Number of protein chains: 2
Amino acid sequence: MHYELYYWTGIQGRGEFVRLALEDAGASYDDVAREQGDDAIVRFLDGTHEGALPFAPPFLKAGRLVIAQVANILQYLGPTLGLVPESESRRLYAHQLQLTICDLVAEVHDAHHPIASSLYYEDQRAEAQRRAADLRETRLPKFLDYFEQVLERGGGRHALREHSYVDLSLFQLMAGLDYAFPRAMQRLGHQLPLLRALSGRVAERPHIAAYLDSSRRLPFNENGIFRHYPELDDPR
Amino acid sequence: MHYELYYWTGIQGRGEFVRLALEDAGASYDDVAREQGDDAIVRFLDGTHEGALPFAPPFLKAGRLVIAQVANILQYLGPTLGLVPESESRRLYAHQLQLTICDLVAEVHDAHHPIASSLYYEDQRAEAQRRAADLRETRLPKFLDYFEQVLERGGGRHALREHSYVDLSLFQLMAGLDYAFPRAMQRLGHQLPLLRALSGRVAERPHIAAYLDSSRRLPFNENGIFRHYPELDDPR
């Protein structure tokens, strides 16, 4: 199967969680908007196509299927790409973990846009500083301690006792948080040895290492979800 | 199969999306915390049980399975309860729609808690007024127009051309929004004839009507997700 991934150009964004799965598995795919421009996405949002209507990118075309929402796409790809365990209970758990990662990603986004996605960061900076402080002090420790505990229950090396798309997403989560909140992550890092070690192992997987070294891996930037605004990180 | 639903007492909250599916299907279930208190939930969050670790309620026990995240639970229950179409493409679409509903529910929550869940509403009221204005003017129209379009593409009567858990969740979404933002919803309602009609039909389904009339259906209140603070609604 050849896949078409649709996601905004210029950022890693939510599309990156899907890209990492496709890259890790060595799947054949086009990153359509990077080739044709963002208009290729808008055509689907306008609903002129047959089939499922996406609310927002990323979405994946797989034959005639149009599949939106990161966790839904990964759940669909997991079995075919060998990125999820066989058993029903593990697949449900994988999906639950992915949804929890997506929840945290939304909170990270809202730390720099607590009032409105449609406003500039500069127009909500004061509110962002309040919200980011809560993210660093309350939410990040809660979520990351949870994932650390998940790894511990899974034997220490994987979220699900074997490699899966969840491990790839945890890598991306840690990479994004390290970029956005380097001081807070240094403070919290000592309590997250399993997450740290997992991130290191994922980065060394041959396909992932090659991808991270390629021009397809865009650098993090201040248009994406994980943004580095020093005033939103721990005070020096 | 007998199910155990775990969700905080005293509110409809996110648990209500699962309750509506169980009630509509006439499934056998215990609402465990309402019988045993919230401690029954905390035991699972502490991770002393075998199997999947939930991050937060609601979660469902189905035999030995522990399943968390609303959309994950509904996806699991859908086929057994006859609340999702047969085909893979429709099931993927159902799940995508449910995830999009969950995204909006999170935004509705953040409209009254834009800074921190851990703070009182009163401590973030000014920020809430800014965020709620954006929700009413930008986000609600965008999401609700989208769902209206989904209904139109599905033939007008259902999200998926037949009854499903998505229709039940759209009913709950509209009920919650009507409670929280009566003036904004009256303004927007004229553009949402299909969503309005669907909500009416769902409320008249015999099992749903009986449930809504029972003491199991808690009233909306200001501890839940959908809260009525007049200052967050359209100005008079």
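Residues numbered from 1 in each chain as written. Chains lettered and ligands numbered in written order. Predicted model: local features only at pLDDT ≥ 70, side-chain atom pairs only at ≥ 80, totals over all residues. Heavy atoms only, no water.

Going by the annotation in an unreviewed UniProt entry, the name recorded for chain A is Glutathione S-transferase, with Rhodanobacter glycinis given as the source organism.

Undergrad: Which parts of the structure should I look at to understand the relation of the copies chain A and chain B?
TA: Relating the two copies of this chain is a rotation about some axis coupled with a shift parallel to it. Taken as rigid bodies, chain A and chain B are interconverted by a rotation of 180° and an axial shift of 0.0 Å, the fit giving an RMSD of 0.0 Å. The transformation just described matches what one would write down for a two-fold rotation axis. Closest approach to the rotation axis among the C-alpha atoms of chain A is made by Pro-114 of chain A, whose C-alpha sits 2.9 Å away. Interface residue correspondence from chain A to chain B reaches 100%, placing this contact among same-surface, isologous pairings. (Least-squares fit on C-alpha atoms with pLDDT ≥ 70 in both. Contact = heavy atoms within 4.5 Å.)

Undergrad: I tried to follow the environment of Ala-40 of chain A on my own but got confused; where do I start?
TA: All names here are of chain A. For Ala-40, the location among the structural elements is in helix H3 (residues 39–45). Ala-40 gets classed as buried once you look at its relative accessible area, which sits at 1%. As for Ala-40 and Tyr-7, which are separated by 33 residues in sequence, their C-alpha atoms are 9.3 Å apart. Ignoring sequence-local partners within four residues, the contact set of Ala-40 consists of Tyr-6 and Val-32. (Helix = DSSP H or I, 4+ residues; strand = E, 2+ residues; numbered from the N terminus. Buried < 20%, exposed > 50% of the residue type's maximum accessible area, 1.4 Å probe, protein only.)

Undergrad: Would you mind going over the interface of chain A and chain B with me for this structure?
TA: Each partner contributes to the interface: chain A provides 44 residues, whereas chain B provides 44 residues. Summing the contributions of chain A and of chain B, the shared interface buries around 3,900 Å²; its carbon and sulfur component is 55%. At the boundary of chain A and chain B, one finds four salt bridges. Salt-bridge contacts for Arg-130 of chain A lead to Glu-127 of chain B; the nearest nitrogen and oxygen are separated by 2.6 Å. At the boundary of chain A and chain B, one finds 30 residue pairs in polar contact (both at pLDDT 80 or more). Those elements giving two or more residues to the side of chain A that touches chain B turn out to be strand E4 (65–68), helix H4 (70–81), helix H5 (88–112) and helix H6 (125–153) of chain A. Taken together, the residues of the side of chain A that touches chain B sort by class into 18 nonpolar, 14 polar and twelve charged. (Buried area = accessible area lost by both parts, 1.4 Å probe. Salt bridge = Lys/Arg side-chain N within 4 Å of Asp/Glu carboxyl O. Polar contact = N/O pair within 3.5 Å; in protein donor to acceptor, adjacent residues only side chain to side chain. Nonpolar A, V, L, I, M, F, W, Y, C, P; charged D, E, K, R; others polar.)

Undergrad: Help me out: how do you make sense of H6 of chain A in this one?
TA: Three or four residues apart is the spacing at which side chains of an α-helix point the same way, because the helix has 3.6 residues per turn. End to end, H6 of chain A covers 39 Å across 29 residues, agreeing with the expected 42 Å (1.5 Å per residue, within 8%). Most pronounced at Leu-135 of chain A, the bend in H6 of chain A amounts to some 45°. (Expected span 1.5 Å × (residues − 1). Bend = angle between axes of the 7 residues up to and from the residue.)

Undergrad: Help me understand the pairing of strand E1 (residues 2–6) of chain A, please; the structure alone is not making it clear to me.
TA: Note on strand geometry: in a regular strand, side chains alternate between the two faces of the sheet. Residues and elements named next belong to chain A. Judged from the four bridges that link them, E1 and strand E2 (residues 28–31) form a sheet pairing that is parallel. Along E2, the bridge assignment pairs His-2 with Ser-28. As a crossover connection, the stretch from E1 through helix H1 (residues 15–24) into E2 is right-handed. Here four bridges tie E1 to strand E3 (residues 59–62), and the two strands are oriented antiparallel to one another. Pairing of Glu-4 across the sheet is with Lys-61, part of E3. (Pairing = 2+ DSSP bridges. Right-handed = clockwise from strand over helix to strand, strands pointing away.)

Undergrad: Can you walk me through the side chain of Arg-139 of chain B in this structure?
TA: Residue and element names in this part refer to chain B. Mapped onto the elements of the fold, Arg-139 is located in helix H6 (residues 125–153). Note on Arg-139: relative accessible area 17%, which makes it buried. Within the structure, the side chain of Arg-139 is placed 2.8 Å from the side chain of Glu-107, a separation counted as a polar contact. Setting aside chain neighbours within four positions, we find Arg-139 in contact with Glu-107 and Asp-134.

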